[in-house]
Structure formats: structure tokens, C-alpha cells
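Descriptive structure summary
Below are the chains, spelled out letter by letter.
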Amino acid sequence: MLNRSTIMKAAWAEYRRTHRGAFCRKTFAAILRDRWFAARLVANRAGIMIAAWARYRVVAAEGGYARFDRRLFARVLRMAWINAGAVQVDADSAHRAARPRKLVALRPMTPMQIALDAVKYLPAHMSAARAEAQIRAAYAA
């Protein structure tokens, strides 16, 4: 069974092997996420194999195979891994969506900020800098 420390060590080893130079947090996070995902799939190998054998029996019966066909089983097993990966991605996204979000309190805008924000939408023939200077002068007085 893989634990957190072995997954972290494997992610660091892969990062050091593939990246030279300054540390990139996003790249390491992607590698760590892939390692974690792979470890969770590997932990469920028995379930994937059971699903593959069950599907193989159905497909082999429909196709009329009397003997074991390695190529057919390889295709079925590959599809079982792909399906397990898709289920895992769905579960991860559902878990992420269920997390509580932090609410950010918005401060009300002052009348000067509202007027300055409106300057962004002036027509092209009008000077935004001049309009902004006029607004700042009006509120400075």
C-alpha cells in the first residue's frame, strides 16, 4: 500500500529528474496530482481486474470465442483502466466541487471609484486621462 510519504518522494524524484533550475510550484503540483491519482488507481487494481474479467466473459460469449483470446482480454483490460480513470476523475471533481468556498466580502465602491470605473468605457475619440484628471480634481476639492 502506498502512503503519502512514498507518493511525495516519487513526485520529488520525478520533478528532479525532469526539471532543472528554479522550482515551479504549478509543475510540481501537477506531477504530485498525477502520482496521487496513479497510486489511487493502483490501490484499486483488484476491482479493475474483476471488472475486466466480467466484461471479457460477456464480450467473449457475444463474439463466440471458445478459447481464451489474449488480444481481446488486453483490449477489455485497457478499457477497464480507462473507465476506472474516468470514474476517479469524476469523483475527484465532485469532491472538489463539494468543498466549501471562502466568501469574499466586497467593499462598497465610493462615488469617486464609480466615476473612475466609468472612464474605462469612454468612446475612442475621448481622452480617458483627461477625464480621469477632471474627476480626481473634482473630488480633491
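Residues numbered from 1 in each chain as written. Predicted model: local features only at pLDDT ≥ 70, side-chain atom pairs only at ≥ 80, totals over all residues. Heavy atoms only, no water.

Direction vectors running N to C along helix H5 (residues 111-119) and helix H6 (residues 128-140) enclose 170 degrees, while the axes themselves pass 9 Å from each other. With respect to their mutual orientation, H5 and H6 come out roughly antiparallel. Between H5 and H6, the contacting residues are Pro111, Met112, Ala115, Leu116 and Val119 on the first element and Ala128, Ala131, Glu132, Ile135, Arg136 and Tyr139 on the second. Considering only residue class, the contact of H5 with H6 consists of nine nonpolar, no polar and two charged. (Axes fitted to C-alpha atoms, helices over the stretch in contact; angles between N-to-C directions. Helix = DSSP H or I, 4+ residues; strand = E, 2+ residues; numbered from the N terminus. Parallel < 35°, antiparallel > 145°, perpendicular 65-115°, else oblique. Contact = heavy atoms within 4.5 Å. Nonpolar A, V, L, I, M, F, W, Y, C, P; charged D, E, K, R; others polar.)

For the rest of this paragraph, the subject is the pattern of salt bridges. With the rule as written, the count across this model stands at two salt bridges. When the shortest N-O distance is used, the salt bridge between Asp117 and Lys120 registers 2.9 Å. By relative accessible area, Asp117 is classed as partly exposed at 27%. With relative accessibility at 61%, the residue Lys120 sits in the exposed group. As a salt-bridge pair, Glu132 and Arg136 come within 3.3 Å of each other at their nearest N and O atoms. Taken together, the positions of Glu132 and Arg136, both in helix H6 and four residues apart, correspond to about one turn of that helix. (Salt bridge = Lys/Arg side-chain N within 4 Å of Asp/Glu carboxyl O. Buried < 20%, exposed > 50% of the residue type's maximum accessible area, 1.4 Å probe, protein only.)

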